[in-house]
Amino acid sequence: MEGKDIIKEANEIGFDNMTTVQKINAIDAIIDLKIREFLQADNGDLDFLDIKEANGLTDVYITYVGACGSCESSGGTLISIQKILNGQLETNNIRVYAI
């Protein structure tokens with residue numbers, strides 16, 4: 001299934017009703033389709049490491065690579081990534097952490 005189809009399916013099912021594997025696939029697709037190109041434009045990138053679910057929240061763990069690893073704006077970037085994921089998946093239950 002392609003990235004756009006995965007996102008469409010996620011919104012039809014509802015993020016909170018998805019399995020962990022479906023959530024991982026949807027988050028990965030959004031990173032590839034909506035986020036990665038902007039980081040790479042500044043010689044940076046991210047690695048999507050893991051998700052953890054508890055109390056109705058999904059915590060997404062990433063690590064910055066390249067120029068993003070030492071960028072002073074990485075905190076703002078993290079907030080933007082969180083907003084994009086929540087917006088694309090029509091939820092407010094995703095939190096993003098850089099480790």
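For the structure itself, look to the data block above.
Just so you know, these numbers come straight off a predicted model, no measurement behind them.

Undergrad: Please explain the pattern of salt bridges as it appears in this structure.
TA: Here the idea is simple: oppositely charged side chains can pair when their charged atoms come close. Under the counting rule described, the total for this entry stands at five salt bridges. When the shortest N-O distance is used, the salt bridge between Lys-23 and Glu-53 registers 2.4 Å. Of this pair, Lys-23 sits in helix H2 (residues 20–41) while Glu-53 sits in strand E1 (residues 44–54), and the two are 30 residues apart along the sequence. By relative accessible area, which is 5% here, Lys-23 ends up buried. Among the salt bridges present, the one from Arg-36 reaches Asp-32, with a minimum N-O distance of 2.9 Å.

Undergrad: I keep staring at the packing of H2 against helix H3 (residues 74–88) and nothing clicks. Help me out?
TA: Between two packed helices, the angle of one axis relative to the other and the distance separating the axes together describe the packing. With their axes 10 Å apart at the nearest point, H2 and H3 run at an angle of 140 degrees to one another. The orientation of H2 relative to H3 falls into the category oblique. Crossing of H2 against H3: the hand is right-handed. Residue-level inspection shows Ile-27, Ile-30, Lys-34, Ile-35 and Leu-39 of H2 in contact with H3, the latter providing Thr-77, Ile-81, Ile-84, Leu-85 and Gln-88. Grouping the constituent residues of the contact of H2 with H3 by class yields seven nonpolar, two polar and one charged.

Undergrad: Got a minute to help me understand the packing of aromatic side chains in this structure?
TA: Both the distance between ring centres and the angle between the ring planes are used here to describe each pair of aromatic rings. Applying the stated criterion to the full structure yields one aromatic pair. A centroid spacing of 5.6 Å and a plane angle of 25 degrees characterise the contact between Tyr-61 and Tyr-97, whose relative ring orientation is stacked. Here Tyr-61 is found in strand E2 (residues 57–66), whereas its partner Tyr-97 is found in strand E3 (residues 94–98), with 36 residues between them in sequence. By relative accessible area, which is 32% here, Tyr-97 ends up partly exposed.

Undergrad: What am I meant to see in the sheet that holds E3 here?
TA: Within a sheet, neighbouring strands are paired by backbone hydrogen bonds and run either parallel or antiparallel to one another. Overall, mixed pairing links the three strands, which are arranged E1-E2-E3 in an open sheet. What marks the edges here is a single partner per strand, and that holds for E1 and E3. Adjacent strand axes in the sheet meet at a mean angle of 25 degrees, parallel and antiparallel pairs treated alike. Sitting on the sheet, H3 is in contact with E1, E2 and E3, with an inclination near 150 degrees to E3.

Undergrad: What am I meant to see in the pairing of E3 here?
TA: Both faces of the sheet carry side chains from a regular strand, because those side chains alternate between them. Relative to E3, E2 runs parallel, the two sharing five bridges. Bridged to Thr-58 within E3 is Ile-94.

Reading the values: the criteria
- Residues numbered from 1 in each chain as written.
- Predicted model: local features only at pLDDT ≥ 70, side-chain atom pairs only at ≥ 80, totals over all residues.
- Heavy atoms only, no water.
- Salt bridge = Lys/Arg side-chain N within 4 Å of Asp/Glu carboxyl O.
- Helix = DSSP H or I, 4+ residues; strand = E, 2+ residues; numbered from the N terminus.
- Buried < 20%, exposed > 50% of the residue type's maximum accessible area, 1.4 Å probe, protein only.
- Axes fitted to C-alpha atoms, helices over the stretch in contact; angles between N-to-C directions.
- Parallel < 35°, antiparallel > 145°, perpendicular 65-115°, else oblique.
- Left-handed = near helix turned anticlockwise from the far one by under 90°.
- Contact = heavy atoms within 4.5 Å.
- Nonpolar A, V, L, I, M, F, W, Y, C, P; charged D, E, K, R; others polar.
- Phe/Tyr/Trp six-rings, centres within 6.5 Å; stacked < 30°, edge-to-face > 60°.
- Pairing = 2+ DSSP bridges.

Worth remembering: the numbers are spatial, not functional.
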